[in-house]
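A closer look at the structure
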Amino acid sequence: MEPGIRFRFVVLDCPDPRALARFYAGVLGGTPQEVDGEWVVLRVPGGPGLAFQRVDGYTPPEWPRADRNPQQFHIDLDAGSTWEEVDAAEKRVLELGARVLDAEDYETKDFRVYADPAGHPFCLCRIEHT
């Protein structure tokens, strides 16, 4: 029998765990739960958990600087099957504090790239549901 290993959280380093947890709760739902001043957990409804830990001197990834301080990872979010749904999701994440990282070639790509308030890249993806 294989060991009972289960997925727990994706953990994001950041300067302010409470603020970043509130951002993702606004995007994905859920209620942030503070463990202590250094660690906040967000259990995303129907998705993986996210956790946020304070890092003093945090340096965000640079986009698209793969030669120095690369993005290391990013989060892909399903924003709907139409561009109207993606547009609505974009408006929402920008209102919550995201910023656009890649605004080029939308007509040839099925995703748009943003940074969360701590600078982590994430994508809003148009997914055709079958």
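Relevant structure appears above.
In this text the structure is predicted, and so the values were computed from the model without any measurement. (Residues numbered from 1 in each chain as written. Predicted model: local features only at pLDDT ≥ 70, side-chain atom pairs only at ≥ 80, totals over all residues. Heavy atoms only, no water.)

Thoughts on the environment of Ala103
Which entries qualify depends on this criterion: Secondary structure elements follow DSSP: runs of H or I no shorter than four residues count as helices, runs of E no shorter than two count as strands, and numbering proceeds from the N terminus. In this scheme, a residue with accessible area under 20% of its type's maximum is buried, one over 50% is exposed, and one in between is partly exposed, where area comes from a 1.4 Å probe on protein chains only.
Take Ala103: it is sitting in the loop between β6 (99–102) and β7 (111–115). Overall, Ala103 belongs to the exposed group, its relative accessible area being 54%.

Structural notes on the pattern of salt bridges
Just so we agree on the cut-off: The term salt bridge refers to a pairing of a side-chain nitrogen on Lys or Arg with a carboxyl oxygen on Asp or Glu at a separation within 4 Å.
Going through the model one piece at a time under the given rule, you end up with six salt bridges. In this structure, Glu38 and Arg54 form a salt bridge, with 3.4 Å as the shortest nitrogen-oxygen distance. In this pair, Glu38 is assigned in the loop between β2 (32–36) and β3 (39–43) and Arg54 in strand β4 (residues 49–54), connecting sequence segments 16 residues apart. Since its relative accessible area comes to 42%, Glu38 is described here as partly exposed. A salt bridge links Lys109 to Asp102; its shortest N-O distance comes to 2.5 Å. Both residues of the pair, Lys109 and Asp102, count as buried. A cluster of three or more residues bridged by salt bridges with shared partners is formed by Asp87, Glu90 and Arg112.

Digging into the sheet that holds β6
In plain terms, the rule: Pairing between strands is defined by DSSP: at least two bridges between the two strands are required. Angles run from 0 to 180 degrees between N-to-C directions of axes, and those axes are lines fitted to C-alpha atoms, restricted for helices to the stretch in contact.
Sheet architecture is open: four strands sit in the order β5-β8-β7-β6, paired in mixed fashion. Either end of the sheet is taken by a strand with one partner, and the two such strands are β5 (75–78) and β6. Each strand axis lies, on average, 35° off the axis of its neighbour in the sheet, ignoring direction. Both β5 and strand β8 (residues 121–125) contribute to a ladder of four bridges, which runs parallel. The partner of Leu77 across the bridge, within β8, is Leu124.

Remarks on the sheet that holds β3
The criterion, for reference: Contact definition: two residues touch when any of their heavy atoms are within 4.5 Å.
On the basis of which strands lie adjacent, the open sheet formed by four strands has the order β1-β4-β3-β2 and mixed pairing. Lying at the two open borders of the sheet, with one neighbouring strand each, are β1 (9–14) and β2. Strand-to-strand twist across the sheet, computed as the mean angle between neighbouring axes with direction ignored, equals 25°. Bridge count between β3 and β4: five bridges; the pairing is antiparallel. Within β4, the position partnered with Leu42 by the bridge is Leu50. Contacts from helix α1 (residues 17–28) reach β1, β2, β3 and β4 within the one sheet, and its direction differs from that of β4 by about 160°.

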